[in-house]
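As a plain string of letters, each chain reads:
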Amino acid sequence: MSLAGYLHDVFIGGLSLFYAMILVQSFFGSGNYSIVGPYMGELWPARLRGSGMGFVYGVGNLGKFIGPAGLAIIAGSSNFVNPKATLDALVPGFNYFASWYVLGALAFWLIAMETRGRTIDEIDSALDRPMPAPALSLEHPAGD
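Let me begin by describing the structure that accompanies this report. The structure displayed is predicted, hence computed values, not measured ones. (Residues numbered from 1 in each chain as written. Predicted model: local features only at pLDDT ≥ 70, side-chain atom pairs only at ≥ 80, totals over all residues. Heavy atoms only, no water.)

1. Some points on the overall build of the protein chain
In terms of regular secondary structure, the protein chain is built from six helices and two strands. Over its C-alpha trace the protein chain gives a radius of gyration of 22 Å, far above what one expects of a compact globule, namely 15 Å for 144 residues. For the protein chain, the spread of C-alpha atoms along the three principal axes comes to 75 × 50 × 30 Å. Counting across all 144 residues of the protein chain, residues that qualify as buried make up 20%. (Helix = DSSP H or I, 4+ residues; strand = E, 2+ residues; numbered from the N terminus. Rg over C-alpha atoms; globule rule 2.2 N^0.38 Å. Buried < 20%, exposed > 50% of the residue type's maximum accessible area, 1.4 Å probe, protein only.)

Shown next as structure tokens:
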């Protein structure tokens, strides 16, 4: 995504590298969404699965507002719904959208639970297990 902005005016033969980078991003972006959808369904206990998926899709739809509004701010546009693209805003705009992909990748890498090799029942029982109570401190404050 970021390279599309930086290479917007570079051609190899008759091929625009901007176009090629957008194709590569679309290919991997579509692959990402085909993995994220089923994965999100696995992350909710059975009793919350329907509501949880609705919540995830609802929160995800915030990107439909945050994306264009952030791009408008970067481009210096007063129209937050449909900001006009300029050459000056091209590289920062593509870097802005690339940063959202990086943030998503970091979230999956650092926060997400591994589900590979586990059945949906095993994942469900792990998610439905009560959280352990915090340990109580046995130390007394000074002066007791």
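2. Looking at the pattern of salt bridges
Under the counting rule described, the total for this entry stands at one salt bridge. The salt bridge involving Arg116 is made with Glu114; its shortest N-O contact spans 3.8 Å. Given the relative accessible area of 46%, Glu114 is considered partly exposed. (Salt bridge = Lys/Arg side-chain N within 4 Å of Asp/Glu carboxyl O.)

3. Structural notes on helix α6 (residues 120-128)
Every buried residue of α6 is listed here: Ile123, Asp124 and Ala126. One side of α6 holds all its buried residues, which, seen down the axis, span an arc of 165°. (Arc of directions from axis to C-beta.)

4. Quick word on helix α2 (residues 17-42)
Relative to the 38 Å expected for 26 residues at 1.5 Å per residue, α2 spans 38 Å between its end C-alpha atoms, a close match to the ideal helical length. Buried within α2 are the following residues: Leu17, Ala20, Gln25, Gly29, Tyr39, Met40 and Gly41. Buried residues belonging to α2 abut β1 (11-12), β2 (15-16), α3 (49-60) and α5 (87-110). One side-chain oxygen at the N-terminal end of α2 lies 3.3 Å from the backbone nitrogen of Phe18; it belongs to Ser16. (Expected span 1.5 Å × (residues − 1). Contact = heavy atoms within 4.5 Å. Polar contact = N/O pair within 3.5 Å; in protein donor to acceptor, adjacent residues only side chain to side chain.)

5. What to know about the environment of Ala98
With respect to the helices, strands and loops of the structure, Ala98 is situated in helix α5. Judged by relative accessible area, which is 14%, Ala98 ranks as buried. For the pair formed by Ala98 and Gln25, sequence separation is 73 residues and the distance between their alpha carbons is 9.7 Å. Ala98 has contacts with Met1 and Ser2, leaving out every residue within four places of it along the chain.

6. With respect to the environment of Val56
With respect to the secondary-structure elements, Val56 resides in helix α3. Along the backbone, Val56 and Met40 are 16 residues apart, and their C-alpha atoms lie at a distance of 7.7 Å. Once you skip the residues sitting within four places of it in the chain, Val56 turns out to touch Met40 and Trp44.

7. As for the side chain of Thr115
Tracing the backbone through its elements, the reader meets Thr115 in the loop between α5 and α6. For Thr115, a relative accessible area of 12% puts it in the buried group. At 2.9 Å, the side chain of Thr115 and the side chain of Glu42 are in polar contact. In contact with Thr115, other than residues within four places in its own chain, are Tyr39, Glu42, Leu43 and Ile123.

8. With respect to the packing of helix α4 (residues 63-75) against α5
Across the interface, α4 lies against α5 with an axial gap of 9 Å and an inter-helix angle of 145°. Note on packing geometry: the crossing formed by α4 with α5 is right-handed. Contacts from Ile66, Gly67, Gly70, Leu71, Ile74 and Ala75 of α4 reach α5 at Ala89, Pro92, Gly93, Tyr96, Phe97 and Trp100. (Axes fitted to C-alpha atoms, helices over the stretch in contact; angles between N-to-C directions. Left-handed = near helix turned anticlockwise from the far one by under 90°.)

By themselves, these figures tell us nothing about what the structure is for.
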